[in-house]
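Fold and contact review
This is what each chain is made of:
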Amino acid sequence: MAFLCGSAENEAAVLDLVDRVVCLVIDEETLRHRLATRTTNSFGRHPEELAAALEWNPRTRELYAARGATIIDASGPLDAVAAAVLDVGSRLR
């Protein structure tokens with residue numbers, strides 16, 4: 001089993017090459033908190049970047065749901081989110 005993480009502008013062109021798409025979603029409050037407190041980079045701290053992230057966030061769920069993705073709430077603890085993703089993967093066997 002292999003997992004590819006992220007998104008790309010042309011990803012719709014390659015969706016037929018994957019067995020399952022999972023979309024991790026979070027609520028606005030969690031997004032604000034994670035962007036404000038993360039230490040790996042500063043993206044989202046500038047007001048324009050934060051506004052873009054907040055605008056894109058609800059669209060993500062809609063876009064991926066329309067493509068048949070499995071939607072997983074990623075606002076909870078990391079171990080629960082990872083378990084949910086692995087559960088989706090295990091159903092491919």
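Above this note sits the structure.
Residues numbered from 1 in each chain as written. Predicted model: local features only at pLDDT ≥ 70, side-chain atom pairs only at ≥ 80, totals over all residues. Heavy atoms only, no water.

Considering the overall build of the protein
A tally of regular secondary structure across the protein gives three helices and two strands. The burial tally for the protein puts 23% of its 93 residues in the buried class. Relative to all contacts within the protein whose residues are 6 or more apart in sequence, the contacts with residues 24 or more apart total 64%. Counting 10 positive and 14 negative side-chain charges, the protein places the centres of these two groups 4 Å from one another. (Helix = DSSP H or I, 4+ residues; strand = E, 2+ residues; numbered from the N terminus. Buried < 20%, exposed > 50% of the residue type's maximum accessible area, 1.4 Å probe, protein only. Contact = heavy atoms within 4.5 Å. Lys, Arg positive; Asp, Glu negative; His and termini not counted. Charge placed at Lys NZ, Arg CZ, Asp CG, Glu CD.)

Overview of the pattern of salt bridges
What the rule picks out here adds up to four salt bridges. Salt-bridge contacts for Arg-32 lead to Glu-28; the nearest nitrogen and oxygen are separated by 3.2 Å. With Arg-32 and Glu-28 both in helix H1 (residues 28-37), this residue pair falls four residues apart, about one helical turn. On the basis of relative accessibility, which here comes to 39%, the residue Arg-32 falls in the partly exposed class. According to the relative accessible area criterion, Glu-28 is partly exposed, its value standing at 43%. Between Arg-91 and Asp-87 there is a salt bridge, with the nearest N and O atoms lying 3.2 Å from each other. Owing to a relative accessible area of 39%, Asp-87 belongs among the partly exposed residues under this scheme. (Salt bridge = Lys/Arg side-chain N within 4 Å of Asp/Glu carboxyl O.)

Describing the packing of aromatic side chains
What the rule picks out here adds up to zero aromatic pairs. Here Arg-67 stacks its cationic end above the ring of Tyr-64, 5.7 Å away from the centre of that ring. (Phe/Tyr/Trp six-rings, centres within 6.5 Å; stacked < 30°, edge-to-face > 60°. Lys NZ or Arg CZ within 6 Å of the ring centre and 35° of its normal.)

A short note on helix H2 (residues 47-66)
Between its terminal C-alpha atoms H2 stretches 30 Å, which fits the 28 Å expected from 20 residues at 1.5 Å a residue. At Arg-59, H2 shows its largest kink, close to 30°. Here H2 has its buried residues at Leu-50, Ala-53, Leu-54, Asn-57, Thr-60 and Tyr-64. Of the surrounding elements, those touching the buried residues of H2 are strand E1 (22-25), H1 and strand E2 (70-73). (Expected span 1.5 Å × (residues − 1). Bend = angle between axes of the 7 residues up to and from the residue.)

Some thoughts on the environment of Phe-43
Along the chain, the position of Phe-43 falls in the loop between H1 and H2. Residue classification places Phe-43 among the partly exposed residues on the basis of a relative accessible area of 39%. As for Phe-43 and Phe-3, which are separated by 40 residues in sequence, their C-alpha atoms are 24 Å apart. Excluding its chain neighbours within four sequence positions, the residues that come into contact with Phe-43 are Leu-35, Arg-38 and Glu-49.

Topic: the nonpolar core
Considering soluble globular proteins, one finds that nonpolar side chains tend to be buried as a cluster. In this structure, Ile-26, Leu-31, Leu-35, Leu-50, Ala-53, Leu-54, Ala-74 and Val-81 together form the largest nonpolar core, which totals eight residues. Elements supplying a minimum of two residues to this core: H1 and H2. Sort the elements by how many residues they give to this core and H2 lands first, with three residues. The residues touching Leu-31, leaving out its near neighbours within four places in the chain, are Ile-26, Ala-53, Leu-54 and Asn-57. (Core = buried A, V, L, I, M, F, W, Y, C linked by side-chain atoms within 4.5 Å.)

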